[in-house]
Amino acid sequence: EAGVVQSPRYKIIEKKQPVAFWCNPISGHNTLYWYLQNLGQGPELLIRYENEEAVDDSQLPKDRFSAERLKGVDSTLKIQPAELGDSAVYLCASSLDRSGNTEAFFGQGTRLTVV
Amino acid sequence: AQKITQTQPGMFVQEKEAVTLDCTYDTSDQSYGLFWYKQPSSGEMIFLIYQGSYDEQNATEGRYSLNFQKARKSANLVISASQLGDSAMYFCAMREYGGSEKLVFGKGTKLTVNP
């Protein structure tokens, strides 16, 4: 069974440029998460989807960040325009459903560097 | 609000010895789940073990066990017979059931296994 796939693995962009990250969750997983992980820190939730609905986006900086999950499968996270402080690892995760004892499976992340 | 505290930024252990990684949590919910993840240098978050708040017995998965002390709100990870491949970041996380459903992470502990 394929795991959570993210692309690209690495991205370097200049500040003020747009950038997009893509995530393909595990087949059949209804719940999808985007996390931001700064160096030396634990992941912080940006947005959570249940199927195609964003049910928790309270931590998403909506002035520059946007996300979508088309048809409740793949998801895209976009930053426009990027700032130096956005340099971090962006992790995508999926779980079978929202029940508490279902673990989330993570992709390898996209490491973003804004210069 | 949920909160996870990992007080050990770094831990060292000799190969084949056991090590305990500390985790305390704060929640007002009675129903929640606790997770431990491993993050090697490759970046992917790997699920290790789960403990539900109503589980009466401590969870075990191979060399991993969770020392769950509900009254103290602690969920320490015990790794027995450490291996060189155990060197990684370890994150404790919690999800509240029926509430925000967020999976909230601590700041992590970096474990180094010495030969």
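Structure's up top.
Here, residues in each chain are numbered from 1, in the same order as that chain's written sequence. In the order they appear in the text, chains get letters beginning with A and ligands get numbers beginning with 1. Local features in this predicted model are restricted to residues of pLDDT 70 or higher, and side-chain atom pairs are both shown and tallied only at a pLDDT of 80 or more, whereas totals for entire chains, interfaces and linings draw on every residue. For the side-chain quantities, the full set of heavy atoms in the structure was used; hydrogens and water were omitted.

Peer 1: An account of the overall build of chain A is needed here, citing residue identities and associated values.
Peer 2: The numbering of helices and of strands both runs from the N terminus, where a helix is a DSSP run of H or I of at least 4 residues and a strand a run of E of at least 2. When its secondary structure is counted, chain A shows 0 helices and 11 strands. Seen in sequence order, chain A has helices and strands lined up from the N terminus as β-β-β-β-β-β-β-β-β-β-β. Relative to the 2.2 N^0.38 estimate, which gives 13 Å for 115 residues, the radius of gyration of chain A is 13 Å and therefore close to what a compact globule would have. Each residue is placed in one exposure class: buried if its accessible area under a 1.4 Å probe, protein chains only, is under 20% of its type's maximum, exposed if it is over 50%, and partly exposed if it falls in between. The proportion of buried residues among the 115 residues of chain A is 47%. Taking the contacts inside chain A whose residues are at least 6 apart along the sequence as the reference set, 53% of them involve residues at least 24 apart. Counting every atom, chain A has about 5,700 Å² of accessible surface; 49% of that belongs to carbon and sulfur. Only four residue types enter the tally: Lys and Arg on the positive side, Asp and Glu on the negative side; His and the chain ends are excluded. A charge is said to be at NZ when it belongs to Lys, at CZ for Arg, at CG for Asp and at CD for Glu. Averaged over its 12 positive side-chain charges, chain A has a centre that lies 7 Å from the centre of its 15 negative ones. Radius of gyration here uses only the C-alpha atoms, and the compact-globule reference equals 2.2 Å multiplied by the residue count raised to the power 0.38. Two residues qualify as a contact provided that any one of their heavy atoms is within 4.5 Å of a heavy atom in the partner residue. Only the protein chains shown count as covering a residue, and every accessible area follows the Shrake-Rupley method with a 1.4 Å probe.

Peer 1: Quick rundown of the interface of chain B and chain A? Include the residues and the values.
Peer 2: Facing the 19 residues of chain B at the interface are 24 residues of chain A. Throughout, buried area stands for the accessible area (probe radius 1.4 Å) lost by two parts on being put together, summed over both. Interface area, chain B with chain A, both sides summed: about 1,800 Å², of which 49% is carbon and sulfur. If you sort the residues of chain B by the area they bury against chain A, Arg95(B), Glu101(B) and Lys102(B) come out on top, with a joint share of 28%. Under the rule applied, a polar contact is a pair of N or O atoms within 3.5 Å (in protein, one hydrogen donor and one hydrogen acceptor; residues adjacent in sequence only if both atoms are side-chain atoms). Linking chain B with chain A are 5 residue pairs in polar contact (both at pLDDT 80 or more), by the criterion used here. Elements represented by at least two residues in the side of chain B that touches chain A include exactly β5 (32–39), β6 (46–52), β10 (88–96) and β11 (103–105) of chain B. Three residue categories are used. Nonpolar comprises Ala, Val, Leu, Ile, Met, Phe, Trp, Tyr, Cys and Pro, charged comprises Asp, Glu, Lys and Arg, and polar comprises the others, including Gly. Classifying every residue of the side of chain B that touches chain A gives 9 nonpolar, 5 polar and 5 charged.

Peer 1: Run through the pattern of salt bridges, naming residues and quoting values.
Peer 2: Salt bridge criterion: a side-chain nitrogen from Lys or Arg within 4 Å of a carboxyl oxygen from Asp or Glu. Under the counting rule described, the total for this entry stands at 6 salt bridges over all chains. Taking the shortest distance from any N to any O, the salt bridge between Glu50(A) and Arg48(A) comes out at 2.6 Å. Per residue, the accessibility class of Glu50(A) equals that of Arg48(A), and both read buried. In this structure, Asp86(B) engages Arg63(B) in a salt bridge whose closest nitrogen and oxygen atoms are separated by 2.8 Å. A residue pair is termed long-range when its members are at least 10 positions apart, and Asp86(B) in the loop between β9 (74–79) and β10 and Arg63(B) in the loop between β7 (60–61) and β8 (64–69) qualify at 23 residues. Since its relative accessible area comes to 2%, Asp86(B) is described here as buried. For Arg63(B), a relative accessible area of 23% translates into the label partly exposed.

Peer 1: Can you break down the environment of Glu52(A) residue by residue, with the values?
Peer 2: Residue and element names in this part refer to chain A. Take glutamate 52: it is sitting in the loop between β5 (44–50) and β6 (53–56). Sequence spacing of glutamate 52 and glutamate 14 is 38 residues, and the spatial spacing of their C-alpha atoms is 31 Å. Setting aside anything within four residues of it in sequence, one finds glutamate 52 in contact with Arg69 and Gly72.

Peer 1: Which residues make up the pairing of β9(B), and what are the values?
Peer 2: All names here are of chain B. Counting buried residues in β9 gives 5 out of 6 residues, a clear majority hidden from the surface. Bridging between strand β3 (residues 19–21) and β9 involves 3 bridges; their strand directions are antiparallel. For threonine 20, the partnering residue across the bridge sits in β9 and is valine 78. With 6 bridges joining them, β8 and β9 adopt antiparallel strand pairing. The partner of tyrosine 64 across the bridge, within β9, is isoleucine 79. Counting the residues in the hairpin turn of β8 and β9 gives 4 residues, including lysine 73, whose phi is positive at 55°. Should DSSP find at least two bridges between two strands, the strands are taken to pair.

Peer 1: Describe the state of the cysteines, with residues and values.
Peer 2: We call a pair of cysteine sulfur atoms a disulfide when they lie within 2.5 Å. In the structure shown here, the tally under the stated rule is 2 disulfides over all chains. Each disulfide pairs two cysteine sulfurs, and for Cys23(A) the partner residue is Cys92(A), the sulfurs being separated by 1.9 Å. Its S-S torsion of approximately -70° makes the covalent link between Cys23(A) and Cys92(A) left-handed. Of this pair, Cys23(A) sits in strand β3 (residues 19–24) while Cys92(A) sits in strand β9 (residues 88–95); the two residues are 69 residues apart in sequence, bridging distant segments of the chain. For Cys23(A), a relative accessible area of 0% translates into the label buried. Here Cys92(A) falls in the buried class, since its relative accessible area comes to 0%. Note on cysteine connectivity: Cys23(B) is disulfide-linked to Cys92(B), with sulfurs 2.0 Å apart.

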